[in-house]
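Structural overview
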Amino acid sequence: MARESLYREDRRSFTLSGVPGADDERPIDLHVHTTASDGTLSPSECVDMAAHNAIAAIGITDHDTVDGNAEALARGAEVGVEVVPAVEIAAAHEHWTLHILGYYPEPGDTGLADLLACLRSGRDERNPQILARLAELDRPISDEDLAAESDTGVLGRSHIAAAMVRRGYVRNHQDAFDRYLGRGAAAYVERGKPTAADGIAALLAAKAVPVLAHPGMLGIYDAKSLDAVVAPLVEMGLGGIEAYYHAHTPSQTAMCQRVADKHGILITGGSDFHGAGKPDIKMGTGRGRMHVPYRLLTRLKQARQRV
Ligand code: AMP
Ligand code: ZN
Ligand code: FE
Ligand code: FE
């Protein structure tokens, strides 16, 4: 496919540019959530944390909204952190729910804005259904309790989890997901989402580079299974795979790299930092060992110019 060869060309031009210098090893983190969705730090606070931790660049990947990007870009320009505007969407593909990151969407793209509005209305339909299930389970959370968890964010399960912690129903966020909110748990409710084909098409139309987020979270541990998921997505225009991730083992990262190489697409990486809701995940280093080198962002920017 034409698009695949574009990414190949990109990789070759990188290789020709020579051995990566020390500069290319500066840490970046291309997966960060802010208070625009379910993170607990504002976009500016995320940028300040990146500056403090000497992270060269961060990607703002809020769920279903691009609202945090402008503030982060402005703050980044002030404090010398490169900000990569982005978004994270959920999409249905076969029996999977995939998360797809989109890097550098054109601000104000109306097609993408429509898709994000649809995703948010899917949440607005789901949240009351989850609260109704919780009430049946004798763990009532009111609409006011939920609304009190965020003034600015796209409300979702993380906010419901926070309200449950506050009420003392669960020990912590993870406990809320394990017992009530995670897929297959007692109060889990599906939400409406686009197909992967539609999600990828909307991202490409907005000139964003679509990247499959955290394949390890799908429970995929071998390259053959990953390839089976990725190959049709590449046909749809997928541009990369998130290889570095807080929950990926080194062998999962290597597996992502192999499958990306096979298809001539990029790899990216990020922590999925959410702030206080997931306190064990640190910006830049994930659970402590993650190191995403700057050169991956160089390639991502080259790919963006060809979308
Ligand atoms: P939502 O967008 O409402 O579907 O919620 C997505 C958020 O829930 C993301 O921040 C995920 O990291 C978090 N999440 C989803 N499943 C789990 C899980 N099993 N354990 C912990 N967090 C989860
Ligand atoms: Zn989240
Ligand atoms: Fe995700
Ligand atoms: Fe995320």
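The structure displayed is predicted, hence computed values, not measured ones.

Judged by how many residues are buried, strand β4 (residues 96-103) sits mostly within the fold: 6 of 8 residues are covered. Here 8 bridges tie strand β3 (residues 82-93) to β4, and the two strands are oriented antiparallel to one another. Residue His93 lies in a different strand from β4, and its bridge partner there is Trp96. The hairpin turn running from β3 into β4, its antiparallel successor, is 2 residues long, and Glu94 in that turn takes a positive phi close to 50°.

In the first shell of the zinc ion (ligand 2), the protein supplies Asp38 (OD), Asp38 (OD), His63 (NE2) and His274 (NE2), at 1.9 to 2.5 Å from the metal. All donors of the zinc ion (ligand 2) belong to a single chain; written as a sequence motif, their spacing is D-x24-H-x210-H. A gap of 4.7 Å separates the zinc ion (ligand 2) and the iron ion (ligand 4). Separated by 211 residues along the polypeptide, His63 in the loop between β2 (57-60) and α3 (69-79) and His274 in the loop between β7 (266-270) and β8 (292-293) bring together distant segments of the chain.

On to helix α11 (residues 295-306), then. The terminal C-alpha atoms of α11 lie 17 Å apart, and with 12 residues this matches the ideal 16 Å at 1.5 Å per residue to within 8%. Residues Arg295, Leu296, Leu297, Arg299, Leu300, Ala303 and Arg304 constitute the buried set of α11.

Ranked by size, the top nonpolar core spans 55 residues in total, and within it Leu98, Tyr103, Val230 and Leu297 carry the most contacts. Counting 17 residues, the second largest nonpolar core, distinct from the first, contains Ile160, Ala163, Met164 and Val189.

All right, on to the coordination of the iron ion (ligand 4) then. Taken together, His31 (NE2), His33 (NE2), Glu88 (OE) and Asp272 (OD) make up the full set of protein donors to the iron ion (ligand 4), lying 2.1 to 2.3 Å away. Its 4 donor atoms give the iron ion (ligand 4) angles of 78 to 166° at the centre, a pattern that matches the irregular case. Look at where the donors of the iron ion (ligand 4) fall in the sequence and you get H-x1-H-x54-E-x183-D.

This paragraph deals with helix α10 (residues 250-263). Its 14 residues give α10 an end-to-end C-alpha distance of 20 Å, which sits within 8% of 20 Å, the value for a rise of 1.5 Å per residue. Buried within α10 are the following residues: Gln252, Thr253, Met255, Cys256, Val259, Ala260 and His263. Viewed end-on, α10 has its buried residues packed into an arc of 160°, placing them on one side of the element. In α10, the exposed positions angled more than 90 degrees off the buried face are occupied by Pro250, Ser251, Arg258 and Lys262. Phi turns positive, to about 65°, at Gly264, one or two residues after α10.

The rules we used
Residues numbered from 1 in each chain as written. Chains lettered and ligands numbered in written order. Predicted model: local features only at pLDDT ≥ 70, side-chain atom pairs only at ≥ 80, totals over all residues. Heavy atoms only, no water. Buried < 20%, exposed > 50% of the residue type's maximum accessible area, 1.4 Å probe, protein only. Helix = DSSP H or I, 4+ residues; strand = E, 2+ residues; numbered from the N terminus. Pairing = 2+ DSSP bridges. Donors = N, O, S within 2.8 Å, 3.2 Å for Na, K, Ca; no water. Expected span 1.5 Å × (residues − 1). Core = buried A, V, L, I, M, F, W, Y, C linked by side-chain atoms within 4.5 Å. Tetrahedral: all angles 85-135°; square planar, octahedral: opposite > 155°, others 65-115°. Arc of directions from axis to C-beta.

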